[in-house]
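So you can see what is in the structure, the chains are spelled out below.
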Amino acid sequence: MAIKNNKNAKIPLIINCDTGIDDAVALMMAVKSEKFDIRLITTDVGNVGPVQSAINCNDILELIGGPEIPICAGEGKCLTREREHVAVHGKTGLGEYRFPKNSRKLLKEDAIEVLNRTITESQEKITILCVSPTTNLAKLFKKYPEVTKNIEKIVIMAASIEPTPKGEAPYPEFNISVDPEAAEIVFGAGVPMEIVPMEMGHSAYLDWQEVFKTKNTNFVGSVFEVMFRAYKDRHVKNGIAMHDGTAVAYMTNPELFKVSPVHTDIEYFESVDTGVMTMDFNKKPNAITCTEINIKKFKKLYFDLLKKCK
Ligand code: BDR
Ligand code: CA
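As the structure is a computational prediction, the values presented were derived from the model and not from experiment. Each chain carries its own residue numbering, running from 1 in the direction its sequence is written. Key to labels: chains lettered from A, ligands numbered from 1, both in the order written. With pLDDT at 70 or above as the cut-off, local features in this predicted model cover only qualifying residues; side-chain atom pairs require 80 or more to be listed or tallied, and sums for whole chains, interfaces and linings still use all residues. The side-chain quantities take in all heavy atoms of the structure and omit both hydrogens and water.

Peer 1: Kindly report on the coordination of the calcium ion (ligand 2), identifying the contributing residues and their values.
Peer 2: Keep in mind that water is not among the atoms, so a site may look incomplete; donors are the N, O and S atoms within 2.8 Å of the metal, or 3.2 Å for Na, K and Ca. D18 (OD), D23 (OD), D23 (OD), V131 (O) and D244 (OD) make up the full set of protein donors to the calcium ion (ligand 2), lying at 2.3 to 2.6 Å. In primary sequence terms, the donor set of the calcium ion (ligand 2) follows D-x4-D-x107-V-x112-D. When sorted by exposure, D18 lands in the same class as D23, which is buried. Working definition: with a 1.4 Å probe on protein chains only, accessible area under 20% of the residue-type maximum means buried, over 50% means exposed, and in between means partly exposed.

And the structure:
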């Protein structure tokens, strides 16, 4: 269990993701920032199946010359709901690019056991970056509630401030609405929660010129450009949404964001046929949310980190 946190050291981190094109960007940014000691990556319900997501993580780490990081696929079943994967990131989750085989392996253990072990055995409190639905985390907290004592906080790309076009509910952001019952457990577990909502990744999208610049930056950029061609986000018609990357930027460069305390709940709306996160800025806060991003500085950060790749 935790002894103390050394503020100058790298942040001990677990990433829960569903890699996914913007998850791939987030992985690149997290690794190249050199600000994290990434102890484990787990893959969750989400953009593609968890095993494919885990393979994608290894492919991205290999592509960017990243370190060997233990990667473990989750079970891939929501707490109570049946759901199909959505195809907004192409069939494999990484668009049309076909990665060459590499020698990196996946852990063949139960992700919940590995999460529990990694957190409880850590000398320092662990921060979790969640850029996917929260099913693994909910299962962890249900089975091992004590584990929360050794978690510093959860930074999560999730939720939306803006409502649906008819205004009857907040927009059903993917990472919450895929498994809202899981999100309820995670947000109710007593761990400090910091939210990077969908509006950050929408406003800091890469326009086509920046996609072209990505392609011409280096080999990794040229692979990203191929991946980007398959990324369809219904809010971003003129470029590529940067959701999960903005969550990494929030951790490495919090000065790029305006934040506000907020009261969150998971509510179930018939009109959107799932649970969504409601945000009330007038009620007693139980989380922090980003409300604004410095788009120019975010993009500079993205390109600076991309340039560190080959
Ligand atoms: C979230 O949904 C996923 O498709 C993206 O990877 C991101 O984590 C955005 O709503
Ligand atoms: Ca994701």
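Peer 1: Please give an account of the packing of aromatic side chains that cites residues and values.
Peer 2: Aromatic pairing here means that ring centres of Phe, Tyr or Trp (its six-membered ring) are within 6.5 Å. Orientation follows from the plane angle: under 30 degrees is stacked, over 60 is edge-to-face, and everything else is tilted. Throughout the structure, instances matching the rule amount to four aromatic pairs. Between Y250 and F257, the aromatic rings sit 5.5 Å apart at their centres with planes inclined by 90°, giving edge-to-face as the arrangement. Comparing Y250 with F257 shows no difference in burial state: the two are buried. Seen from their ring centres, Y302 and F303 are 4.8 Å apart, and the 70° between their planes marks the pair as edge-to-face. On the basis of relative accessibility, which here comes to 0%, the residue Y302 falls in the buried class. Judged by relative accessible area, which is 4%, F303 ranks as buried. Only Lys NZ and Arg CZ are tested; either one counts as a charge over a ring when it is within 6 Å of the ring centre and within 35 degrees of the ring normal. It is K299 that lies over the ring of Y205; its NZ or CZ is 5.6 Å from the centre.

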